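# Commentary on secondary and tertiary structure
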Amino acid sequence: MRILIISDTHRKHKNLEVLLERMLPLDLLIHLGDAEGCEEYIAELAGCPLEIVAGNNDFFSKLER
């Protein structure tokens, strides 16, 4: 099983895109917060199940803290 754990993407996705190019395929992506409303975009990039929680900058998110 291949799992990637990330956090604090803050809508700056270039680094995430480069990382995912190197790491794919994944079985699970865990995001530890501060996606700032880009959860669907991150899930689409990863192409696998995404577990994500709200971070301290996810002010208007409905994500679990």
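Worth saying up front: this structure is predicted, and the values here are computed from it rather than measured.

About the cut-offs
- Residues numbered from 1 in each chain as written.
- Predicted model: local features only at pLDDT ≥ 70, side-chain atom pairs only at ≥ 80, totals over all residues.
- Heavy atoms only, no water.
- Axes fitted to C-alpha atoms, helices over the stretch in contact; angles between N-to-C directions.
- Helix = DSSP H or I, 4+ residues; strand = E, 2+ residues; numbered from the N terminus.
- Parallel < 35°, antiparallel > 145°, perpendicular 65-115°, else oblique.
- Left-handed = near helix turned anticlockwise from the far one by under 90°.
- Contact = heavy atoms within 4.5 Å.
- Nonpolar A, V, L, I, M, F, W, Y, C, P; charged D, E, K, R; others polar.

With that out of the way, let us pick up the packing of helix H1 (residues 14-23) against helix H2 (residues 39-46). Helix packing for two helices is described by the angle between their axes and how far apart those axes are. H2 packs onto H1 with a crossing angle of 25 degrees between their chain directions and a minimal axis gap of 10 Å. As the angle between them shows, H1 and H2 are arranged roughly parallel. Seen from above, H1 lies across H2 with right-handed handedness. Where H1 approaches H2, its residues Leu16, Glu17 and Leu20 are matched on the opposing element by Tyr41, Ile42, Leu45 and Ala46. Tallied by class, residues from the contact of H1 with H2 come to six nonpolar, no polar and one charged.

What follows concerns unusual backbone geometry. Put simply, Leu24 and Pro25 share a cis peptide bond, and its omega is 5 degrees. Looking at the secondary structure, you find Pro25 in the loop between H1 and strand E2 (28-31). Phi angles above zero are rare outside glycine, and Asp8 is one such case at about 55 degrees. Mapped onto the secondary structure, Asp8 falls in the loop between strand E1 (3-6) and H1.

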